[in-house]
Amino acid sequence: MGKIINNEFIQDIKTLLDTARNRVYQNINNIMTKTYFEIGKKIVEEEQDGKAKAEYGKELLKTLSSELTKEFGKGFSVRNLEQMRKFYLVYQKTKTPSAKFELSWSHYIFLSRIDNEDERSFYEIEAIKNSWSLRELRRVFDTALFERLALSRDKKKVKELATKGQIIQTPHDLIKDPYILEFVGLEEKASYSESELEQKLIDKIEHFLLELGRGFTFVARQKRFSFDEEHFRVDLVFYNRILRCFVLIDLKIGKLKHQDLGQMMMYVNYFDRFEKTEDENPTIGIILCKDKNETLVEITLPKDTQIFASSYKTVLPNKDELKNILEDKNSIGL
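Quick caveat, the model's predicted, so the values are computed rather than measured. (Residues numbered from 1 in each chain as written. Predicted model: local features only at pLDDT ≥ 70, side-chain atom pairs only at ≥ 80, totals over all residues. Heavy atoms only, no water.)

(A) The arrangement of the nonpolar core in detail. In this structure, L81, Y108, L111, Y123, W132 and L137 are the most contacted members of the largest nonpolar core, which totals 39 residues. Of all the secondary structure elements, the ones that give two or more residues to this core are helix 1 (7-49), helix 2 (53-72), helix 3 (78-91), helix 4 (105-111), helix 5 (117-130), helix 6 (134-142), helix 7 (145-151) and helix 8 (155-164). Examining the composition of this core, we find that six residues originate from one element, helix 3, more than from any other. Excluding residues within four positions of it along the chain, L137 makes contact with H107, F110, L111, Y123, A127 and W132. In terms of nonpolar packing, the next biggest core, distinct from the first, is built from 26 residues, F216, L251, I284 and I286 among them. (Core = buried A, V, L, I, M, F, W, Y, C linked by side-chain atoms within 4.5 Å. Buried < 20%, exposed > 50% of the residue type's maximum accessible area, 1.4 Å probe, protein only. Helix = DSSP H or I, 4+ residues; strand = E, 2+ residues; numbered from the N terminus. Contact = heavy atoms within 4.5 Å.)

(B) Layout of helix 12 (residues 258-274). For helix 12, which comprises 17 residues, the first-to-last C-alpha distance of 25 Å matches the rise-based estimate of 24 Å (1.5 Å per residue) to within 8%. Considered for burial, the residues of helix 12 that qualify are D260, L261, M264, Y267, V268, Y270 and F271. Tucked inside the fold, the buried residues of helix 12 contact strand 2 (216-227), strand 3 (230-240), strand 4 (245-255), strand 5 (284-291), helix 13 (294-300) and strand 6 (307-313). (Expected span 1.5 Å × (residues − 1).)

(C) Expanded view of the pairing of strand 4. Within strand 4, eight of the eleven residues are buried, leaving the element largely enclosed by the surrounding structure. Across five bridges, strand 3 lies against strand 4 in antiparallel orientation. Counterpart to L236 in the pairing with strand 4 is I249. As consecutive antiparallel partners, strand 3 and strand 4 are separated by four residues, and within that stretch R244 has a phi angle of approximately 55°, a positive value. Pairing analysis gives seven bridges linking strand 4 to strand 5, with the strands arranged parallel. Each bridged residue has a counterpart across the sheet, and for I249 the counterpart in strand 5 is I286. (Pairing = 2+ DSSP bridges.)

(D) How the structure looks around a nonpolar patch on the surface. On the surface, a cluster of nonpolar side chains totalling about 480 Å² of accessible area is made up of F9, I10, I13, L16 and L17. When you line up the elements, I10 lands in helix 1. (Patch = residues over 30% accessible without salt bridge, like charges linked within 9 Å, V, L, I, M, F, W, Y side chains within 5 Å. Areas by Shrake-Rupley, 256 points an atom, 1.4 Å probe, with all protein chains shown as cover. Salt bridge = Lys/Arg side-chain N within 4 Å of Asp/Glu carboxyl O.)

(E) Fine view of the pairing of strand 6. Within strand 6, six of the seven residues are buried, which leaves it mostly tucked inside the rest of the structure. Alignment of strand 1 (residues 179-180) against strand 6, held across two bridges, turns out to be parallel. Within strand 6, the residue paired with Y179 across the bridge is Y312. Handedness of the crossover is the feature at issue here: the chain leaves strand 5, passes through helix 13, returns alongside strand 6, and the resulting connection is right-handed. (Right-handed = clockwise from strand over helix to strand, strands pointing away.)

(F) Examining the environment of L251 more closely. Relative to the helices and strands, L251 resides in strand 4. The exposure class assigned to L251 is buried, which follows from its relative accessible area of 0%. Separated by 239 residues in the primary sequence, L251 and D12 have C-alpha atoms spaced 43 Å apart. Apart from residues lying up to four places away in sequence, L251 is in contact with E194, L197, E198, L201, D235, L236 and L288.

That is the geometry; function is a separate question.
Next up, the structure:
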């Protein structure tokens, strides 16, 4: 009788092959993207030598496209060559021939369309950190993540977003306001219950985790706890691996009330006393509501609290409006 092969042994071999395959793909992608950067550079330099720049440039791309297609096949249309040219023009100050291009060519085509250099840098860093697919990158861009994070930061911190991405060191670093929940498919003015919203978030948990940010893992829904013969339920419980703490989320479809804040304080206190271990950090509470009064929140909650109230939207925000708010804030030195 032949020896039974250990399944773990087979899985280890598969893991080695998958790792090797991914490394080969990454190396090929890096080499090709570098090559496209160099092609873009050559095109720009040749155009600058031409006397009639506009006319010469058009004819140059047509001729180059025809010659490259003959020898190398598809992938060198005039449109693609224009994208390589733009890629070089956008990144010539920040990328060198020896630079490592860690995203796919499709990612860089998309990023090249972002005019604001700080915003573009932020999305590139975050896409690399979080291994975002092109679809995920497009989604977070459409939700105006950069503007939403920048609104709660001073000029120095906004610049830090552009050079380092989102740095998570404190509970406040996790918070967004508003949260964008367009993936639930509920209209902004539609009538729905808190349980319906909760179910939609659970159905789209991967999307919700992406919106929450780095380090989140889902723990429980309607987490029940009891004391003195009374029963309570927390809508959603998560754990953040970076801050090493529980994150409780309560959903409110109406206007935030001071009772809602008091209820969350009780939830947080319970988890701190009975759920978290000694080596874990204090629990964070987030109330997601349709509408809130900032003064009410400030007066009700103690200073240096671990509890936050954020609004949410079920449709994509108007990026131009957010940018205008950010520009006004910066112009008055906030």
